[in-house]
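One-letter residues, chain by chain:
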Amino acid sequence: QVQLIEHYQNAHLFIFPSSAETFGNPLIEAMCYGLPILVPELEYARSIVGDAGIYYEEDNVADCIDQIKSLINDTELYISKSKQSLQQFQNYPTTSEWFDQYMTLIR
């Protein structure tokens, strides 16, 4: 867990290329650290990341690279997406909140 935190803290962006997810916990984790999120243009990604995401055409490596370059070359875009990532993270409960909600449901 400590190493994972270090990776998030040292990263500049987060690429999640999955085309088969139903819910990607790493997306939530990356948003917690304010990382711009690059994901394929798919329903699961939109539902989790929302407007904070930077979307590329599924299975299109060139499009993904273009989106990475846009972040590298546009500081304002990078900062904006980082802030949006942190804002989107606020839509999700903390671990303690989630656990309390879960315990309430099973009682």
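Summary of the structure given here. (Residues numbered from 1 in each chain as written. Predicted model: local features only at pLDDT ≥ 70, side-chain atom pairs only at ≥ 80, totals over all residues. Heavy atoms only, no water.)

**Here we look at the side chain of Lys 81**
As a reminder of what qualifies: Starting at the N terminus, helices and strands are each numbered in turn, a helix being any DSSP run of H or I of at least four residues and a strand any DSSP run of E of at least two. Per-residue accessibility, obtained with a 1.4 Å probe over protein chains only, is compared with the maximum for each type, and a residue is labelled buried under 20%, exposed over 50%, and partly exposed between these values. His residues and chain termini do not enter the charge count, which takes Lys and Arg as positive and Asp and Glu as negative. Salt bridge, as applied in this entry: a Lys or Arg side-chain nitrogen positioned within 4 Å of an Asp or Glu carboxyl oxygen. In protein, a polar contact requires one atom able to donate a hydrogen and another able to accept it; more generally it is a pair of N or O atoms within 3.5 Å, and residues adjacent in sequence count only if both atoms are side-chain atoms. Contacts: residue pairs with any heavy atoms within 4.5 Å of one another.
Following the sequence through the fold, Lys 81 ends up in helix H5 (residues 75–89). Despite its burial, Lys 81 remains without a salt bridge, the nearest opposite charge being carried by Asp 51 at 6.7 Å. In this structure the side chain of Lys 81 is engaged in a polar contact, spanning 3.3 Å, whose partner is the backbone oxygen of Gly 53. Apart from residues lying up to four places away in sequence, Lys 81 is in contact with Pro 36, Asp 51, Ala 52, Gly 53 and Ile 54.

**Focus: the pattern of salt bridges**
According to the stated counting rule, one finds 1 salt bridge in the structure shown. Residues Arg 46 and Glu 41 are paired through a salt bridge, measuring 2.9 Å at the closest nitrogen-oxygen approach. On the basis of relative accessibility, which here comes to 38%, the residue Glu 41 falls in the partly exposed class.

**Some thoughts on the packing of aromatic side chains**
Rules: Any Phe, Tyr or Trp ring, taking Trp's six-membered ring, that has another such ring centre within 6.5 Å forms a pair; planes under 30 degrees apart are called stacked, those over 60 apart edge-to-face, and the others tilted.
Following the criterion strictly, the structure yields 6 aromatic pairs and no others. On the basis of an interplanar angle of 10° and a centroid distance of 5.4 Å, the ring pair of Trp 98 and Tyr 102 is categorised as stacked. You can see Trp 98 and its partner Tyr 102 sitting in helix H6 (residues 95–106), 4 residues apart, about one turn around the helix. Assessed through its relative accessible area of 47%, Trp 98 is described here as partly exposed.

**As for a nonpolar patch on the surface**
Stated formally: Patch criteria: residues need more than 30% relative accessible area and no salt bridge. Like-charged residues are merged within 9 Å; nonpolar side chains of Val, Leu, Ile, Met, Phe, Trp and Tyr are merged within 5 Å. Accessible surface is estimated by sampling points in the Shrake-Rupley manner with a 1.4 Å probe; for residues, cover comes only from the protein chains shown.
On the surface, Trp 98, Phe 99, Tyr 102, Leu 105 and Ile 106 cluster together to form a nonpolar patch covering roughly 590 Å² of accessible area. Here Phe 99 lies in helix H6.

**Regarding the pairing of strand S3 (residues 53–56)**
Put simply, the rule is: A pair of strands is treated as paired once DSSP finds two or more bridges between them. A crossover counts as right-handed when, viewed with the strands pointing away from the observer, the path leading from the first strand over the helix to the second turns clockwise.
By the alternation rule, side chains of S3 split into Gly 53 and Tyr 55 and Ile 54 and Tyr 56, which are all buried. As paired strands, strand S2 (residues 37–40) and S3 are joined by 4 bridges and run parallel to one another. Each bridged residue has a counterpart across the sheet, and for Leu 38 the counterpart in S3 is Ile 54. In the classification by handedness, the crossover that spans S2, the intervening helix H3 (residues 43–49) and the parallel S3 is right-handed.

The quantities given are spatial measurements derived from coordinates; they are silent on function.
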